[in-house]
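Each chain, letter by letter, is given below.
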Amino acid sequence: MELFDNLSLGFATASTLANLGFCFIGVLLGTLIGVLPGIGPTATIAMLLPITFQIGDPTSALIMLAGIYYGAQYGGSTTAILINLPGESSSAVTAIDGYQMARKGRAGAALATAAIGSFVAGTVSTFLVALLAPPLTGIALQFGAAEYFSLMVLGLISSIALASGSIVKALAMVVLGLLLGLVGTDIYSGTPRFNLGIREYSDGLNFVAVAVGVFGIAEILRNLEDEHERSVAVKKVSSLWPTREDWRRMAAPIVRGTFIGSALGVLPGGGAILAAFASYTVEKRISRNPGEFGKGAIEGVAGPESANNAGAQTSFIPLLTLGIPANPVMALMIGAMIIQGIVPGPNVATEQPALFWGIIASMWIGNVMLVVLNLPLVGLWVKLLTVPYYMLFPIIIAFCSIGIYSVNSNIFDLYSVAFFGFVGYVLVKLRCEPAPLLLGFVLGPLLEENLRRAMILSRGDFSTFVTRPISATLLVLTAAVLAVVLLPSVRKKREEVFVEDE
Amino acid sequence: MVIDRANALCGAIFIAFGAYFGLNSLGMELGTPFRMGPGFFPLFLAAILIVLGLAIAIPAIRVEGEPIGSLPLRGMVFILPSPVLFALTLKGLGFVPSIFLATLLASFASTKMRIPTALILAALMTAFTTAVFVYGLGLPFRLFGPWLGQR
């Protein structure tokens, strides 16, 4: 079996003592920052990203990043359950019933359910990634420049569909992101572009600086808007282990959530959020006592948490096979890979099998670490929630400054972080979502390169995008997504969904 | 006249960015669709951005909008310059004083912070980051720089 050969190569790579250590540190740090109120997984990963660049070996760095990723996700759920403050919309669903469970003194069971659900979902979806990624890379290898261009357009438009708030604003954020991504030097002619005449920006804006500014600094500023004390629902978490009744009730929702999440996660544009909502709706609809939902139903934690995690996992499929990020977190992963000198795409699986399968295996290892680490340490995380915010953010700022500088030893990157922190905060304040901007920023250079290459191949004929069948299909899908989000009835429904989320 | 300030401002920001990128692209070689120059794609994107900016700003005129809400001015004044201060002093003062000052500056973003607490926090952070980044990870920072008479 080739699959098992591949997986064993992956586990052999990921489970060296050093890599296990990096994964462990990643999970620990990810949870540590992720558990802080008001800082979501994306901001957490953006802020911890520079640390991974200190590791020389790209495989180890990405394994650590995978650990950070799971830690951040779980940290977000912990905050959602204990203080009803979801860091990101995907854990907003968990907060609904999780917080109610915590208020009834069942915080331990809710946290354990979230961890168990995530673990089961993670195991199944890791296997799915291993199963589906190789055949998909086969398809991806047939992609030419025109197909890549169309695929990226589809990804960008889908990310708009899942952004909350105004669609026009989300589109504008994507375009602004694309333009910012072009700052630097034109690869074909060597002409410097949009760098304000500053030589230090001729390699482009630092991805980490933009990400930390737009997500990290902007989120800190938002948290400083009103500084009232947050109340922690529980001071002490007791009886972690779910009761026999809990086990019986969580089993089916976990299985359903895993499948809903795995299917939706592959979609470009942030399937994990959609997955959590879909799972919650399904559980509520088929439950024998739907009245319990919103008042602390364990199914309302088990289903969405599994769906969320499964979706997060399978969103690695488009990243690993096509090099296309499905959501802002994947955009961060792609940024990290590029900085490590790896061009994500179908060639990674064949050229660097140890890296490719190592990352897949480390997803599962990250999941195990999570359960092993977080359940015993939950008391520590609860303590951390009581540390006042004004003590935390100077620490975060200091780490970010050192981290960003250390990526390229370029002090101009520190000016970028201040600038993008400001711009990001103002735009968030004007109700624009930062996620599409980051996706655009990562895809900008790739989009331009593929557009130009496709046009050279077609000798300047724009019809190449619609005459090549795969490209045409992708563009039709793009048009369909755009039409659907602009339909008045869907628009209304969409607004309702996102209102519920806030 | 009533105006939805949030959307008007938002549209204006996008238009301003569009104008910056658009004007710069015009100064570069545009090329043909067959062989696109460095200005072609950015000019196209800038045009879209300006149109989207107008689509946000124009409907905002004569409509009552939700207020923008309060700005954490104090936070902005102390948080945003913190990385800049680090950048400006790192080469001259060296890592230790530079990170101390940057942390101290950021500390005052909250009204709840007291000066002694801030000093202790900055000192602890300096010790910790020096240990981790300079000694632990071996990043090539000078502990004290030439402004302090160190060579």
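Residues numbered from 1 in each chain as written. Chains lettered and ligands numbered in written order. Predicted model: local features only at pLDDT ≥ 70, side-chain atom pairs only at ≥ 80, totals over all residues. Heavy atoms only, no water.

## Structural notes on the overall build of chain A
- Each helix and strand counted, chain A has 22 helices and two strands in total.
- Here the C-alpha atoms of chain A give a radius of gyration of 22 Å, agreeing with the 23 Å that 2.2 N^0.38 yields for 502 residues.
- Across its three principal directions, the C-alpha atoms of chain A cover 65 × 55 × 45 Å.
- Here chain A holds 502 residues, and 62% of them are scored as buried.
- Summarising the internal contacts of chain A: among those between residues at least 6 apart in sequence, 80% fall at separations of at least 24.
- On chain A, roughly 18000 Å² of surface is accessible, and the fraction owed to carbon and sulfur atoms is 65%. (Helix = DSSP H or I, 4+ residues; strand = E, 2+ residues; numbered from the N terminus. Rg over C-alpha atoms; globule rule 2.2 N^0.38 Å. Buried < 20%, exposed > 50% of the residue type's maximum accessible area, 1.4 Å probe, protein only. Contact = heavy atoms within 4.5 Å. Areas by Shrake-Rupley, 256 points an atom, 1.4 Å probe, with all protein chains shown as cover.)

## Quick notes on the interface of chain B and chain A
- Each partner contributes to the interface: chain B provides 66 residues, whereas chain A provides 66 residues.
- Joining chain B to chain A, the criterion identifies zero salt bridges.
- Scanning the region where chain B abuts chain A turns up four residue pairs in polar contact (both at pLDDT 80 or more).
- Within the residue set of the side of chain B that touches chain A, elements represented by two or more residues are helix 1 (5-26), helix 2 (40-57), helix 3 (73-79), helix 4 (81-93), helix 5 (95-107) and helix 6 (115-136) of chain B.
- The element best represented in the side of chain B that touches chain A is helix 1 of chain B, accounting for 11 residues. (Salt bridge = Lys/Arg side-chain N within 4 Å of Asp/Glu carboxyl O. Polar contact = N/O pair within 3.5 Å; in protein donor to acceptor, adjacent residues only side chain to side chain.)

## Remarks on unusual backbone geometry
- For R431 of chain A, which is not glycine, the phi torsion reads 65° and is therefore positive.
- Assignment of secondary structure puts R431 of chain A in the loop between helix 18 (412-429) and helix 19 (434-457).

## With respect to helix 2 (residues 17-34) of chain A
All names here are of chain A.
- With 18 residues, helix 2 extends 25 Å from end C-alpha to end C-alpha; this agrees with the ideal 26 Å at 1.5 Å per step.
- All buried positions along helix 2 are accounted for by N19, C23, G26, V27, G30, T31, I33 and G34.
- Of the surrounding elements, those touching the buried residues of helix 2 are helix 1 (2-14), helix 3 (41-52), helix 4 (58-83) and helix 16 (353-385). (Expected span 1.5 Å × (residues − 1).)

## Some words on the pattern of salt bridges
All names here are of chain A.
- Tallied over the full model, the rule gives nine salt bridges over all chains.
- The shortest N-O distance in the salt bridge between E449 and R453 comes to 2.6 Å. One end of the pair is E449 and the other is R453, both in helix 19 and four residues apart, which spans about a single turn.
- Under the relative-accessibility criterion, R453 is labelled partly exposed at 38%.
- Three or more residues are tied together by salt bridges with common partners; here these are D186, R193, E448 and R452.

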